[in-house]
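Listed below, chain by chain, are the residues.
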Amino acid sequence: SAVKILLMDGDSDDSKVLKTSVASVGNIDHTKDDYDILKDTIFPDFDQMIKELQECHVCFTNDLKDYLIANDDDALLSQKSVQGKMFVCSDYKFVAEVQGKPNRAGHWCPFCDISMDSIKQNSTNRGTLWTIERWKDVLALNSKVSSINRGVVKEPLLTSVAPSEYLIAILHQLLGTGNDIRKE
């Protein structure tokens, strides 16, 4: 697994990428990502790394050619610093695994508590948006009934990334739409 980090000059639509970095997070010698394997191997350290990055600032030199990761005190000394914001971009299956919904990617929306069947029946249906706290509250109910647990059956692997900061790769969205059209 790898992480791509983009350092941007702001968070507006016209922001520019200043630096790009790809970091290897880990390698699991397994044919499929599996919740328990991810939980027991790379994700505890990965979650901690994300938390630390979110608490730091990226400070740039005046010419924007170099940067360093600094704590808040150091960032105050820099004229050009930004606080990190993390997003997770992947396919539905991986996002469901990370959100504590293994084997439920095709059944529940990754952003709210509505079922995919309900969306297909009426595309104007809207569920309640997930938060990390709501995931934990639903998990604490310890229900095996899907209308109660809404697909959340295990603890989220990333406790540092809010559900609104997950992105589903466009290819997977288009494949799903294509499959739906083909079925009709």
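Asker: Lay out a nonpolar patch on the surface in plain terms, naming residues and giving numbers.
Answerer: Among the surface-exposed residues, Leu-141, Val-145 and Ile-148 lie close enough to one another that they form a single nonpolar patch of about 260 Å² accessible area. Residue placement: Ile-148 occurs in helix 7 (residues 146–149). Residue Ile-148 is classed as partly exposed on the basis of its relative accessible area, which comes to 40%.

Asker: Lay out the nonpolar core with the relevant residues and their values.
Answerer: Ranked by size, the top nonpolar core spans 21 residues in total, and within it Phe-43, Val-98, Leu-158, Val-161 and Tyr-166 carry the most contacts. When residues of this core are traced back to their parent elements, those giving at least two are helix 1 (35–40), helix 2 (43–55), helix 4 (92–98), helix 6 (132–140) and strand 7 (166–168). Leave out the neighbours within four places in its chain, and Val-161 touches Ile-50, Met-86, Val-88, Ile-132 and Tyr-166.

Asker: For the confidence of the model for the protein, give the residues involved together with the corresponding values.
Answerer: Across the protein, pLDDT averages 75, with 63% of residues at or above 70. When mean pLDDT is taken per element in the protein, helix 6 scores highest with 90 and helix 3 (residues 72–77) scores lowest with 58.

Asker: Mind laying out the side chain of Gln-99, listing which residues take part and the relevant values?
Answerer: Looking at where Gln-99 falls in the secondary structure, it is placed in the loop between helix 4 and helix 5 (116–121). Here Pro-110 takes part through its backbone oxygen, which lies 3.1 Å from a polar atom of the side chain of Gln-99. Sequence-distant contacts of Gln-99, that is, excluding residues within four places in its chain, are made with Pro-110, Trp-135, Lys-154, Pro-156 and Tyr-166.

Asker: An account of the environment of Val-88 is requested, with residue identities and associated values reported.
Answerer: Examined against the element boundaries, Val-88 turns out to sit in strand 6 (residues 88–90). It is 9.8 Å that separates the C-alpha atoms of Val-88 and Ala-169, two residues lying 81 residues apart in sequence. If near-sequence neighbours (up to four positions away) are discounted, Val-88 is found in contact with Leu-158, Val-161, Glu-165, Tyr-166 and Leu-167.

Asker: Let's hear about the packing of aromatic side chains: which residues, and what values?
Answerer: Applying the stated criterion to the full structure yields three aromatic pairs. Seen from their ring centres, Phe-43 and Phe-46 are 5.5 Å apart, and the 90 degrees between their planes marks the pair as edge-to-face. With Phe-43 and Phe-46 both in helix 2 and three residues apart, this pair spans about one turn of that helix. Assessed through its relative accessible area of 3%, Phe-43 is described here as buried. Aromatic pair Phe-43 and Phe-94: ring centres 6.1 Å apart, planes at 45 degrees, arrangement tilted. Here the residue Phe-43 occupies a position in helix 2, and Phe-94 occupies one in helix 4, the gap between them amounting to 51 residues. Of the two residues examined, Phe-43 and Phe-94, each falls in the buried class. Pairwise contacts between aromatic rings join Phe-43, Phe-46 and Phe-94 into one cluster.

Asker: Tell me what's going on with helix 6, and back it up with residues and numbers.
Answerer: Those residues of helix 6 lying buried are Ile-132, Trp-135 and Val-138. Looking straight down helix 6, one finds that the buried residues subtend no more than 125 degrees of arc, so they occupy a single side. Seen from the open side of helix 6, the exposed residues pointing more than 90 degrees away from its buried face are Glu-133, Asp-137 and Ala-140. At its buried positions, helix 6 is contacted by helix 7 and strand 7. The positive-phi residue at the C-terminal boundary of helix 6 is Asn-142, with phi of around 55 degrees.

What counts, and at which threshold
- Residues numbered from 1 in each chain as written.
- Predicted model: local features only at pLDDT ≥ 70, side-chain atom pairs only at ≥ 80, totals over all residues.
- Heavy atoms only, no water.
- Patch = residues over 30% accessible without salt bridge, like charges linked within 9 Å, V, L, I, M, F, W, Y side chains within 5 Å.
- Areas by Shrake-Rupley, 256 points an atom, 1.4 Å probe, with all protein chains shown as cover.
- Salt bridge = Lys/Arg side-chain N within 4 Å of Asp/Glu carboxyl O.
- Helix = DSSP H or I, 4+ residues; strand = E, 2+ residues; numbered from the N terminus.
- Buried < 20%, exposed > 50% of the residue type's maximum accessible area, 1.4 Å probe, protein only.
- Core = buried A, V, L, I, M, F, W, Y, C linked by side-chain atoms within 4.5 Å.
- Contact = heavy atoms within 4.5 Å.
- pLDDT = per-residue confidence, 0-100.
- Polar contact = N/O pair within 3.5 Å; in protein donor to acceptor, adjacent residues only side chain to side chain.
- Phe/Tyr/Trp six-rings, centres within 6.5 Å; stacked < 30°, edge-to-face > 60°.
- Arc of directions from axis to C-beta.

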